[in-house]
Amino acid sequence: MKRILAALVCLAMLISGALAEVNRYDEVFDPAGDEGNLTVRFLWLGPQVADDKPGDSMILTSPDGKIMVLDAGHPDAAQYVTDALDKLGVTKIDYLVASHPHIDHIGGFPALMDKYEIGALYTSPLEYPTASYNAYMDKAREKNIQHIILKEGDTLNFGEQVTVEVLNPPSEIVYPDNYPTGSTQFVNNHSLALKFTYGTSTILLCGDLYTGGEKDVVSRWGDKLDCDVTKANHHGADTSSSSKWRNAVTAEITIVTSDAIESLSNLKKYIRNDKLMYHILWDGCIRLSTPGDGTYQVLTEKERGKTILD
């Protein structure tokens, strides 16, 4: 019901002309300035798909040109991801990463595996016996793609200059009874929590952690969560972004990836004390880049007009 009401509000905003008619899609996906920068492109994946969110997808480019795709949305939204990759001129995805195995995050993986060369598939240890999970794991086996398991305490290199620390989930996973029935929160709380460090710049991406998962990660990692930029957990919904989490993360820039306003209260929290918040509903696709000195350039597809925050 919340998502329906939010969608109606957003539709009214569109009808009233609240969003300016500006489109910088070509600029957002112009790779000309990527060299030497760590760049994250947050994709708008279209409106709600049937009863599901279109989901999350981020395309990351390392300073030396390696490509990571972190999540790929719902199967019906895969075209948005392939369009963006093609616009960037990508032929190989060096790192294909699943934050967690819900359909709105991994549904597009088979399409990517069919179309592009994949360096390796990276997932958490979590197994999830559903049709969408089986589809992409079967495709990975069919394509003979190397599968690398990431767990808390692991570190990997994204290219030669970016370090990625894995802060969740724990290596030992205790599955609840009757799994996967009724397991939404359990799966979300086992999302990969990835901290990217390039020079003095830090970006934290943590899938769909709920408040319980946030609490556990804070208790284990504390100050390690401090970062400059983060993606709001679970699409900015009020299931997440607890005060304990926000106080540990202390991000100056928050990106919200949702086709609707999941929580107006959370949006207001993200902009307290002159902090910046970008939302793909209002801003479209977003390009964020840093040369590694703690500064960031942000380019949005749309010119944001008046919003319900104004």
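Can you lay out the overall build of the protein for me, pointing to particular residues and giving the numbers?
When helices and strands are counted, the protein shows 11 helices and 17 strands. In terms of overall size, the protein behaves like a compact globule, its C-alpha atoms giving a radius of gyration of 18 Å where 310 residues would be expected to give roughly 19 Å. Dimensions of the protein, computed from C-alpha atoms along their principal axes, come out at roughly 50 × 45 × 40 Å. The 310 residues of the protein split such that 56% are buried. Taking the contacts inside the protein whose residues are at least 6 apart along the sequence as the reference set, 67% of them involve residues at least 24 apart. Summing over all exposed atoms, the protein offers an accessible surface of approximately 13,200 Å²; the carbon and sulfur share of this is 48%. Averaging the coordinates of the 28 positive side-chain charges in the protein and doing the same for the 43 negative ones gives two points 4 Å apart.

Report on the sheet that holds strand S16 (residues 286–290), specifying residues and quantitative values.
Pairing within the open sheet is mixed, and its eight strands lie in the order S8-S7-S5-S3-S2-S1-S16-S17. Each end of this open sheet is capped by a strand with a single partner; those strands are strand S8 (147–149) and strand S17 (297–300). On average, each strand axis in the sheet is tilted by 20° relative to the strand beside it, whichever way the strands run.

Account for the state of the cysteines, naming residues and giving values.
Counted by the stated rule, this structure contains zero disulfides. Among the cysteines around Cys206, which has no disulfide bond, Cys227 carries the closest sulfur, lying 7.9 Å off.

Now, about the sheet that holds strand S12 (residues 201–205): what can you tell me, with residues and values included?
Read across the open sheet, the seven strands follow the order S9-S10-S11-S12-S13-S14-S15; overall the sheet is mixed. Edge positions in the sheet fall to strand S9 (155–158) and strand S15 (276–279), since each has one partner strand and no second. Strand-to-strand twist in this sheet, taken as the mean axis angle between neighbours without regard to direction, amounts to 20°. Bridge count between strand S14 (residues 253–256) and S15: four bridges; the pairing is parallel. By the bridge assignment for S15, Val256 is matched with His279.

Now, about helix H8 (residues 211–221): what can you tell me, with residues and values included?
Within the sequence span of H8, burial applies to Gly213, Glu214, Val217 and Val218. Mapping the buried residues of H8 onto a view down its axis gives an arc of 135°, with all of them on the same face. Among the exposed residues of H8, those oriented more than 90 degrees off its buried face are Lys215 and Ser219. Those residues of H8 that are buried are in contact with strand S10 (162–168) and helix H9 (243–249). Directly beyond the C-terminal end of H8, a positive phi value near 50° is found at Gly222.

Run through the pattern of salt bridges, naming residues and quoting values.
Counted according to the given criterion, the structure contains 15 salt bridges. Measuring nitrogen to oxygen at the nearest pair gives 3.0 Å for the salt bridge that ties Lys87 to Asp26. You can see Lys87 sitting in helix H3 (residues 78–88) and its partner Asp26 sitting in helix H2 (residues 25–28), a full 61 residues away along the chain. Taken together, the shared-partner salt bridges in this structure form one network comprising Asp114, Lys139, Glu142 and Lys143.

Got a sec to walk through the side chain of Ser263? Specific residues and values, please.
In this structure, Ser263 sits in the loop between S14 and helix H10 (264–270). Setting aside its immediate chain neighbours within four residues, Ser263 contacts Gly236, Ala237 and Asp238.

Which residues make up the packing of aromatic side chains, and what values go with them?
Going through the model one piece at a time under the given rule, you end up with 11 aromatic pairs. Centroid distance Tyr179 to Phe186: 5.6 Å. Interplanar angle 75°. Geometry classified as edge-to-face. Taken together, the ring pairs connect Tyr95, Tyr122, Phe158 and Phe196 into an aromatic cluster. In this structure, Lys302 packs its charged tip against the face of Trp44, placed 5.7 Å from the ring centre.

Go over the layout of surface pockets, please, and point to the residues and values.
Approximately 270 Å³ is the volume attributed to the second largest pocket. Considering the residues around the second largest pocket, the lining is formed by 17 residues, among which Arg246, Thr250, Ala251, Lys269 and Lys275 are closest to the centre. Among the elements of the structure, strand S13 (229–231), H9 and H10 are those that each provide at least two residues to the lining of the second largest pocket. When residues of the lining of the second largest pocket are assigned to their parent elements, the largest contribution, four residues, is made by H9. Its residues placed into classes, the lining of the second largest pocket shows five nonpolar, seven polar and five charged.

How each quantity is defined
Residues numbered from 1 in each chain as written. Predicted model: local features only at pLDDT ≥ 70, side-chain atom pairs only at ≥ 80, totals over all residues. Heavy atoms only, no water. Helix = DSSP H or I, 4+ residues; strand = E, 2+ residues; numbered from the N terminus. Rg over C-alpha atoms; globule rule 2.2 N^0.38 Å. Buried < 20%, exposed > 50% of the residue type's maximum accessible area, 1.4 Å probe, protein only. Contact = heavy atoms within 4.5 Å. Areas by Shrake-Rupley, 256 points an atom, 1.4 Å probe, with all protein chains shown as cover. Lys, Arg positive; Asp, Glu negative; His and termini not counted. Charge placed at Lys NZ, Arg CZ, Asp CG, Glu CD. Pairing = 2+ DSSP bridges. Axes fitted to C-alpha atoms, helices over the stretch in contact; angles between N-to-C directions. Disulfide = S-S within 2.5 Å. Arc of directions from axis to C-beta. Salt bridge = Lys/Arg side-chain N within 4 Å of Asp/Glu carboxyl O. Phe/Tyr/Trp six-rings, centres within 6.5 Å; stacked < 30°, edge-to-face > 60°. Lys NZ or Arg CZ within 6 Å of the ring centre and 35° of its normal. 1 Å grid on protein atoms, 1.4 Å probe; cavity = no way out; pocket = protein on both sides within 12 Å on 5 of 7 lines; lining within 4 Å. Points joined across faces, edges and corners; volume = space filled by probe spheres on them. Nonpolar A, V, L, I, M, F, W, Y, C, P; charged D, E, K, R; others polar.

Distances and angles like these do not, on their own, reveal function.
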